[in-house]
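# Examining the three-dimensional arrangement
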Amino acid sequence: MLAVIFSAKIVRLLQAFVLDVLLQRKILKESVLRWAMHMLIFWGFILLLFMHALGRIVTDALFSNYEPTLNPYFFLRDLFGLMVLAGVVVAVIRRFFLKIPRLMTSSMDKYAIGILAVIILSGFLLSGVKITSKTEFSDMAEEYAGWLSQEELRALESYWVSDQGLVSSDVTRPFAADVLDQGKQAHESYCAYCHAPAKSAFASYSTGKILSPAAGAMDRAGFVGILWYIHFLSCFIGLAYLPFSKMLHIFSTPITIMANAVMDEKKSKPENVATRQIIELDACTHCCTCSLYCSAMMGYEARQNTYILPSEKIAPLKALAAGRDLNEAETRAIVEGIYLCTNCDRCTVVCPSGINLRQLWLNARERLLQQGPAEPLVLSQLSFVRGLNRKKTPADIYPLPLEKADNAVSAKYRPLLDPDRSIDLTPPAGGQQPTSGFENTFSYCFGCQNCSTVCPVVGNYEDPQEQLGLLPHQIMCSLGLGLTETAMGAKMIWDCLTCYQCQEHCPQNVNVTDILYELKYMAVAGVDEGRQNHDQAGGLR
Amino acid sequence: MMRYSFFIGCQIPSRVPQYETAARAVLKNFGVELADIRQFNCCGYPMRNVDKKAFLLSSVKNLALSENQGLDMLVLCNCCFGALKNAEHIMAEKGPLQDEVLGKIREMGLNYQGKTRIRHYLSVLYHDTGIAAIKKQVHKTYKELNIAVQYGCHALRPSSVTQFDDPVAPSLFDELVAATGAKSVDWTNKLECCGAPLMGTNDALSADLFSRKREAAIKAEADFFCTSCPYCQIQFDTVQQMLVEDSAGQKALPSILFPQLLGLSMNIDPQTLGLGANKLDISKIESYLSKDKE
Ligand code: SF4
Ligand code: SF4
Ligand code: SF4
Ligand code: SF4
């Protein structure tokens, strides 16, 4: 332990704390507006917490002259409150008006913005109303200047009305200069030593001014008490619910940032990594930076599955980590979402909370693939990284997701490949045909077999037809005969490297590889359609 | 001054970062300026097998981003290059899918007209910089070094779309290698696929295809593979290392990225070129370098 403290790690730890936690440099790199928002809320909130909410404990211990109604504290409270409020306003503008693409707003985000707004606004209203309140004034006057004569009290009250924002129907403007003078003297003798001028709490003072036409009625109705309850309760609710809200990131994010600054994945104990990952799920502030830069974002645009966006995967993963079951449609969506990822690591690089998303995806992905429904995406080059990491998965279960996907996508057409089957040569009415533009070139094929001869996949096998079902030239021929479904069942279409040797060497300019692509699209579309029918028939719920 | 938007894709930053640093270092010496566009996303290649719309949207968005800055695009990865080129080709036709893609692109405040030229790293070096200019910057030449170049499918084919080089008898990569003094050997499987596209979907087949290539390269007495694509490089480096570990007695044929090979001969330091980041040790390559030319 000591060795750790005195090693270079402490430097890295401090550096991460100052630059990434206190100054949030990653957010600054993304957007100045966002950084300003976060800084305003973070610093405003922390300082309010220490100086105002915990003032008697923290500030008292640090500054012997602490008195909340004296400057600079009186002024600072308003300043900090205003900082948070300004940050909240920026947050609202960003989330609800700026229409930043892929910045998703969840109910948690609305709650966080809402509770902060209620705490701060009720605070300002409370102190604004307090400034105008005759009852408050009378109580204070009685306690601190009870021995003054009736006339002197009048003068004091006049002075407070004219200079300190008090609203009272007992004294009437205009005030004579000597009365104000007398009031000022009384103020300086009895009030000023522990009450800074109300104007220095500039925001509360302005609030009071705005409210002053209604101040009398509010005072009689006991608004000071009501607002105090609202303010206190909202603080209390915010605090009590904090562990379950995204505000928990006040704690979990610094831990994550600092742990990731010094932890070495390869040398750490697996249980430590696992603990950190659970904390990490809570460290996500749903800021959506990851989704703004996600390489697979166009996959989201094409498929409109929000779980493709990294920021949106956190919530379902959290639910799964908590042992909650997702319904069939959600499970399917999260499996697709977590697999439609190019493993580019960009999300991990940009996450201001320093979450190691890359590791999170890798760990969750395999489990979901194994337990979830068939996912056609595993038949694509998105599987490259899974292949690279195959040694991390037990060899007996590694192929299962691939087999599941193959079964869902192509296996149903496979019986059509049976050589003993009599072939129906009348093209199915309205049957599927790859028709999109230049891919529709199979009809030029005259069966020279060049494509199959140059195909390295065909060349790899002694018994290619057994392995691949149909060879490229046979696929072109089947399409010519209208046997599209038969072609969709050929394993060849999924074992194609997309190396374009066949297409390059076809004397008839048949776009062999492009046609194989189209067959893959049709086979996958069959799965999607089947699922839609299943869902519509009430298979879900 | 040549200026391009720099497209590095997904695999390079996460798995072959030395390709980027080496490529940048080399281009800097030739006065090629690179603009980084942070909004670039995946080229669409990995989704192309299963979702044409996702593939096209991904590619076209990148092209539109570059086009809107009035820049041609310089691409390091063969598969990105192929995907972008194919997308451009598909978008040149009219159709409902094309319309849908254009609509989405417009919604993002971008405009796509197909004006950006998509250039492969090797093409820029060969055509824009030129062999003569490269030779001038080569301060040390390799002596008796045999290189097996890996062209890679998605740069070469379909040639009508990629227009990279002669698909049957390409020479661009060989000439670039020869400019460093190394010898580009002839080998039987030179123009074939590295096997990477099936990695993860049919690992055995993928490994077979690679092993065949290695046998051919060794037979042609190559000392190193040389690649210009992160997928080929991962297959020849990371995957080969896995395969060698699994089967005792196999001899590895390490692979060097072209900008690493060229960079060393240009006296760029090995650290910048990230020689140490390769999985299989390639430090031996420095022993083939001659003394500085006077
Ligand atoms: S690693 Fe996956 S989730 Fe993260 S940015 Fe890249 S594609 Fe998106
Ligand atoms: S994972 Fe990181 S970048 Fe993404 S939303 Fe959460 S905190 Fe923001
Ligand atoms: S593109 Fe596919 S079918 Fe054509 S030669 Fe290559 S592997 Fe064979
Ligand atoms: S090479 Fe062309 S013409 Fe010959 S069999 Fe293949 S698709 Fe048909």
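Worth saying up front: this structure is predicted, and the values here are computed from it rather than measured.

Here we come to the overall build of chain B. In terms of helices and strands, chain B carries 14 helices and eight strands. Computed over the C-alpha atoms, the radius of gyration of chain B is 19 Å, within 12% of the 19 Å expected from 2.2 N^0.38 for a compact globule of 294 residues. For chain B, the spread of C-alpha atoms along the three principal axes comes to 55 × 45 × 35 Å. A buried classification covers 66% of the 294 residues belonging to chain B. Contacts spanning at least 24 positions in sequence make up 78% of the contacts within chain B whose residues lie at least 6 apart. Put simply, chain B shows about 10,700 Å² of open surface, and 48% of that area lies on carbon and sulfur atoms.

Our focus in this paragraph is the site of ligand 2. Close contacts around ligand 2 come from C284, T285, H286, C287, C288, T289, C290, S311, C351, P352, S353 and L357 of chain A, and that covers them all. Partitioned by chemical class, the residues of the shell around ligand 2 number seven nonpolar, five polar and no charged.

Another point: the UniProt feature "domain: Cysteine-rich" (unreviewed entry) in chain B. All names here are of chain B. Sequence positions flagged by UniProt for "domain: Cysteine-rich" (unreviewed entry) are, in local numbering, residues 5-85 and 147-237. Between the end C-alpha atoms of residues 5-85 there is a gap of 15 Å, over a span that is 53% helix and 14% strand. Secondary structure over residues 147-237 splits into 44% helix and 10% strand, and the C-alpha atoms at its two ends are 15 Å apart.

This paragraph deals with the sheet that holds strand β1 (residues 2-7) of chain B. All names here are of chain B. Pairing in this open sheet of four strands is parallel, and the strands run β2-β1-β3-β4 from one edge to the other. Only two strands of the sheet have a single neighbouring strand rather than two, namely β2 (32-35) and β4 (118-120). Ignoring strand direction, the axes of neighbouring strands in this sheet form an average angle of 40°. As paired strands, strand β3 (residues 72-75) and β4 are joined by three bridges and run parallel to one another. Bridging from a neighbouring strand, M73 pairs with I118 of β4. Sitting on the sheet, helix α4 (residues 78-91) touches β1, β3 and β4, and the angle it makes with β4 is about 155°. Seen against the sheet, helix α6 (residues 121-129) touches β1, β3 and β4 and runs at an angle of roughly 90° to β4.

The next point concerns the packing of aromatic side chains. What the rule picks out here adds up to 22 aromatic pairs over all chains. Measuring from centroid to centroid gives 6.2 Å for F63 of chain A and Y73 of chain A, while their planes differ by 55°, and the two rings are tilted. With a gap of ten residues between them, F63 of chain A in the loop between α5 (58-62) and α6 (73-97) and Y73 of chain A in helix α6 connect regions that are remote in the sequence. For Y73 of chain A, a relative accessible area of 6% gives the class buried. Linked through ring pairs, W187, F210, F225 and F236 of chain B together constitute an aromatic cluster. Stacked on the ring of W361 of chain A, the Lys or Arg K313 of chain A has its end atom at 5.1 Å from the ring centre.

Each partner contributes residues to the interface: chain A has 63 residues there, and chain B has 58 residues. For the pair chain A and chain B, the summed buried area comes to about 5,200 Å², and 55% of that belongs to carbon and sulfur atoms. When the area that chain A buries against chain B is broken down by residue, the three leading residues are M298, Q381 and F384 of chain A, summing to 15%. Taken together, chain A and chain B are joined by seven salt bridges. In this structure, the salt-bridge partner of R390 of chain A is D203 of chain B, at a minimum N-O distance of 3.1 Å. Listed by contribution, the elements that provide at least two residues to the side of chain A that touches chain B are α3 (25-30), α16 (297-303), α19 (346-350), α21 (384-388), α24 (456-459), α28 (492-495), α29 (501-505) and α30 (512-539) of chain A. Here the residues of the side of chain A that touches chain B sort into 32 nonpolar, 16 polar and 15 charged.

It is worth spelling out unusual backbone geometry at this point. If a residue is not glycine, its phi is most likely negative; likewise, a peptide bond is most likely trans. Cis geometry is adopted by the peptide bond preceding P72 of chain A, which originates at N71 of chain A and carries an omega value of 5°. Here R157 of chain B and P158 of chain B are connected by a cis peptide whose omega angle stands at -10°. Locating P158 of chain B in the fold gives a position in the loop between α8 (153-156) and α9 (159-162). Positive phi, close to 55°, is recorded for Q304 of chain A, a residue that is not glycine. Relative to the helices and strands, Q304 of chain A resides in the loop between α16 and α17 (310-321). For Q304 of chain A, a relative accessible area of 47% corresponds to the partly exposed category. The phi dihedral of N343 of chain A is positive, around 55°, even though this residue is not glycine. As for its placement among the helices and strands, N343 of chain A is situated in the loop between α18 (328-339) and α19.

Rules used in this analysis
- Residues numbered from 1 in each chain as written.
- Chains lettered and ligands numbered in written order.
- Predicted model: local features only at pLDDT ≥ 70, side-chain atom pairs only at ≥ 80, totals over all residues.
- Heavy atoms only, no water.
- Helix = DSSP H or I, 4+ residues; strand = E, 2+ residues; numbered from the N terminus.
- Rg over C-alpha atoms; globule rule 2.2 N^0.38 Å.
- Buried < 20%, exposed > 50% of the residue type's maximum accessible area, 1.4 Å probe, protein only.
- Contact = heavy atoms within 4.5 Å.
- Areas by Shrake-Rupley, 256 points an atom, 1.4 Å probe, with all protein chains shown as cover.
- Near = heavy atom within 4 Å.
- Nonpolar A, V, L, I, M, F, W, Y, C, P; charged D, E, K, R; others polar.
- UniProt positions renumbered as here; feature names shortened; annotations may be inferred.
- Pairing = 2+ DSSP bridges.
- Axes fitted to C-alpha atoms, helices over the stretch in contact; angles between N-to-C directions.
- Phe/Tyr/Trp six-rings, centres within 6.5 Å; stacked < 30°, edge-to-face > 60°.
- Lys NZ or Arg CZ within 6 Å of the ring centre and 35° of its normal.
- Buried area = accessible area lost by both parts, 1.4 Å probe.
- Salt bridge = Lys/Arg side-chain N within 4 Å of Asp/Glu carboxyl O.

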